[in-house]
Amino acid sequence: MSKFKENQEFFDFSVNMVVVPIKDIVDRMIEHHVKLPLFVYRFLLKETIRDEVFEPKRFETYTDELQYRLRNYDSHSIFLLEKLIHQYDINFELSKFKEMLFNFLYLNIETTGIDRSFFDQIIELKDQYELEVENISYDTFYHTLEPALYLTTGYIDGLRENKWTDETLSSHTLGDLKALGQKYDIKVPRRINKSRLIEILAAKLKLTDKEIESLSKKSILDIEIYAKEKDFRISTDLKKRDMLEFIKFSLGMYHKNIPTDDFYYDIPINQLDESLEEDIEEEISEPQVEEQPKKIDREVEEEIEIEEIEDIEEVEETEEIEEQPEKIKTVKKPKPIMVEEDDEDYSPTEMSDSELLTEEEKELLDEKIAYIIRKYHKKKKRRKVLKFIFLTLFVLIVAFAAYSYIHFHYITDGELPFNIPLFWK
């Protein structure tokens with residue numbers, strides 16, 4: 001290792017070591033007690049397939065929805081990156097991954113605590129193999145590498161918890177988040193009951209036994225309002241943000257110390273021309289007028305249909321309801337979206353799951369609808385009271401003005417009633 005005086009010298013040489021099989025590399029890593037966190041693996045995987053994902057001809061075949069989601073490519077979770085590989089036949093270039101892995105390990109010798117003899121062993125191994133590219137499937141590769149990876153506290157699928165922004169979530173469908181949970185042995189439901197809601201609140205807000213007992217006596221709606229007052233928005237009907245909270249709760253991530261990322265990432269990466277990605281993003285951002293409905297992913301249609309039930313909750317947050325006799329303002333449903341009929345992934349049962357509610361879910365929905373109706377009538381009654389008070393005051397003012405006029409001109413000569421002084425004198 002002494003012959004590499006600068007990092008760049010090693011970077012130039014590392015391409016010669018990619019002939020070593022990934023299994024041998026992993027064995028040497030385990031032998032030297034070297035494991036990498038999943039957030040490092042996410043970085044390496046993301047950069048390995050970037051060129052393939054944004055290859056111009058392939059990019060043109062993507063649906064508009066996928067092109068839109070790829071604007072957030074740099075914040076894609078491992079799950080989404082693997083989904084791209086499997087669904088869009090993305091070529092996983094193992095030799096490129098190996099080269100970046102070697103460079104990354106060399107750049108982070110001190111951080112990982114890796115012994116320099118590790119590289120001496122890899123260099124010796126390379127002379128035992130012919131100059132040929134190792135060709136295995138991505139799944140086989142990951143299964144081989146997995147023993148050298150570990151999950152880090154405070155990270156979900158390679159992303160730090162505070163990096164799961166609304167933009168990051170917009171790249172995931174509801175189905176993606178459910179599948180992400182399954183990846184970590186978590187069954188993410190579409191709805192949770194009252195007791196589970198209280199468990200999540202207790203963990204997030206560090207509630208005492210007394211506070212938990214007090215919440216258990218409240219209705220679900222009151223509990224949701226309580227959570228909102230504590231700046232923690234969560235509902236029994238799990239939307240994307242709620243699903244993420246459920247995963248964080250299930251992984252026991254609340255109030256844990258998150259280790260800092262002390263790794264260096266400044267390794268050479270052969271990337272597609274940066275102007276291409278900029279042009280792609282600009283093209284997606286430009287508003288387009290379409291004469292015909294655009295084709296979008298089947299899972300996006302499923303997401304919209306599932307969320308139709310959730311739309312009724314938006315009425316609850318409406319500040320004012322149109323004054324129409326005995327009618328409540330209704331929520332407009334999204335316009336139907338055309339989807340290609342030959343989509344093999346189409347599943348009628350899967351599309352209608354959102355309408356198959358359990359008795360408990362139906363009772364919850366009925367309770368919310370009743371709450372909205374009560375809120376509407378309460379506002380309507382309050383408006384009637386205010387209207388009555390206003391009219392009463394108006395009549396009294398007009399009557400007093402008329403009496404003052406008669407008193408001034410006919411009863412007394414030039415005096416106002418109740419000895420009110422003349423302000424115009």
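A brief look at the structure comes next. What you see is a predicted model, and the numbers here were worked out from it, not measured in a lab.

What counts and what doesn't
- Residues numbered from 1 in each chain as written.
- Predicted model: local features only at pLDDT ≥ 70, side-chain atom pairs only at ≥ 80, totals over all residues.
- Heavy atoms only, no water.
- Helix = DSSP H or I, 4+ residues; strand = E, 2+ residues; numbered from the N terminus.
- Buried < 20%, exposed > 50% of the residue type's maximum accessible area, 1.4 Å probe, protein only.
- Contact = heavy atoms within 4.5 Å.
- Areas by Shrake-Rupley, 256 points an atom, 1.4 Å probe, with all protein chains shown as cover.
- Axes fitted to C-alpha atoms, helices over the stretch in contact; angles between N-to-C directions.
- Parallel < 35°, antiparallel > 145°, perpendicular 65-115°, else oblique.
- Left-handed = near helix turned anticlockwise from the far one by under 90°.
- Salt bridge = Lys/Arg side-chain N within 4 Å of Asp/Glu carboxyl O.
- Expected span 1.5 Å × (residues − 1).
- Bend = angle between axes of the 7 residues up to and from the residue.
- Phe/Tyr/Trp six-rings, centres within 6.5 Å; stacked < 30°, edge-to-face > 60°.

Let's shift gears to the overall build of the protein. Along the backbone of the protein there are 21 helices and four strands. When each of the 425 residues of the protein is scored for burial, the buried share is 42%. Sequence-distant contacts in the protein: of pairs separated by 6 or more residues, those separated by 24 or more amount to 80%. On the protein, roughly 25900 Å² of surface is accessible, and the fraction owed to carbon and sulfur atoms is 51%.

This part takes up the side chain of His32. Within the element layout of this structure, His32 appears in the loop between α2 (22-31) and β1 (36-37). On the basis of relative accessible area, His32 is assigned to the buried category, the value being 15%. Those residues in contact with His32, other than ones at most four positions away along the chain, are Asp115, Ser117, Phe118 and Gln121.

As a further point, take the packing of helix α3 (residues 38-53) against helix α10 (residues 138-145). How two helices pack is summed up by the angle between their axes together with the distance between the axes. Interaxial distance between α3 and α10 falls to 14 Å at its minimum, and their mutual angle equals 150°. One way to sum up the angle between α3 and α10 is to call them roughly antiparallel. As for how α3 packs across α10, the hand of that crossing is right-handed. Packed against α3, whose contacting residues are Leu38, Tyr41 and Leu45, the element α10 presents Tyr138, Phe141, Tyr142 and Leu145 at the interface.

Let us look at unusual backbone geometry. A positive phi angle is found at Asp157, which is not glycine, with a value near 55°. Within the secondary structure, Asp157 is located in the loop between β3 (155-156) and β4 (159-160). Positive phi outside glycine occurs at His255, with the angle close to 55°. Turning to its location among the elements, His255 is positioned in the loop between α16 (240-250) and α17 (274-285). Given a relative accessible area of 48%, His255 falls into the partly exposed group.

Turning to the pattern of salt bridges, a few remarks are in order. Using the criterion set out here, one finds 19 salt bridges in the structure. Here Asp51 and Lys96 are joined by a salt bridge, their closest N and O atoms 3.7 Å apart. Of the two residues, Asp51 is situated in helix α3 and Lys96 in helix α7 (residues 94-107); the sequence distance between them amounts to 45 residues. Beyond isolated ion pairs, a larger network of salt bridges with shared partners links Lys46, Glu47, Arg50 and Asp74.

The next subject is the packing of helix α12 (residues 174-183) against α16. It is the contact of α12 with α16, at a shortest axis distance of 10 Å, that shows an interaxial angle of 5°. In terms of their interaxial angle, α12 and α16 are classed as roughly parallel. On the side of α12, the interface is formed by Leu174, Leu177, Lys178, Leu180 and Gly181, while α16 contributes Lys240, Met243 and Ile247.

Moving on to helix α15 (residues 220-229). Listing the buried residues of α15 in full gives Ile220, Leu221, Ile223, Glu224, Tyr226 and Ala227. One or two positions beyond α15, positive phi appears at Asp231, with a value near 60°.

Time to look at α3. Spanning 16 residues, α3 covers 21 Å between terminal C-alpha atoms, matching the ideal 22 Å at 1.5 Å per step. Glu47 marks the point of greatest bend in α3, at about 30°. Counting buried positions over the 16 residues of α3 gives 14, a clear majority of the element.

This structure, assessed with the given rule, holds 25 aromatic pairs. Consider the rings of Phe10 and Tyr106, whose centres lie 4.0 Å apart with planes at 5°: the pair is stacked. Taken together, the residues Phe10 in helix α1 (residues 7-14) and Tyr106 in helix α7 connect sequence positions 96 residues apart. Using a relative accessible area of 8% as the deciding quantity, one classes Tyr106 as buried. Considering the side-chain rings of Phe92 and Phe97, the 5.9 Å spacing of their centres and the 50° angle between planes classify their relative orientation as tilted. Owing to a relative accessible area of 9%, Phe92 belongs among the buried residues under this scheme. With a relative accessible area of 1%, Phe97 lands in the buried category. The structure contains a cluster of three or more aromatic residues connected by ring pairs, namely Phe4, Phe10, Phe13, Tyr106, Phe118 and Phe119.

What follows covers the side chain of Asn72. Inspection of the secondary structure puts Asn72 in the loop between α5 (64-69) and α6 (78-87). The buried category is assigned to Asn72, whose relative accessible area is 12%. Once residues lying within four places of it in the same chain are set aside, the contact partners of Asn72 are Glu167, Ser170 and Ser171.

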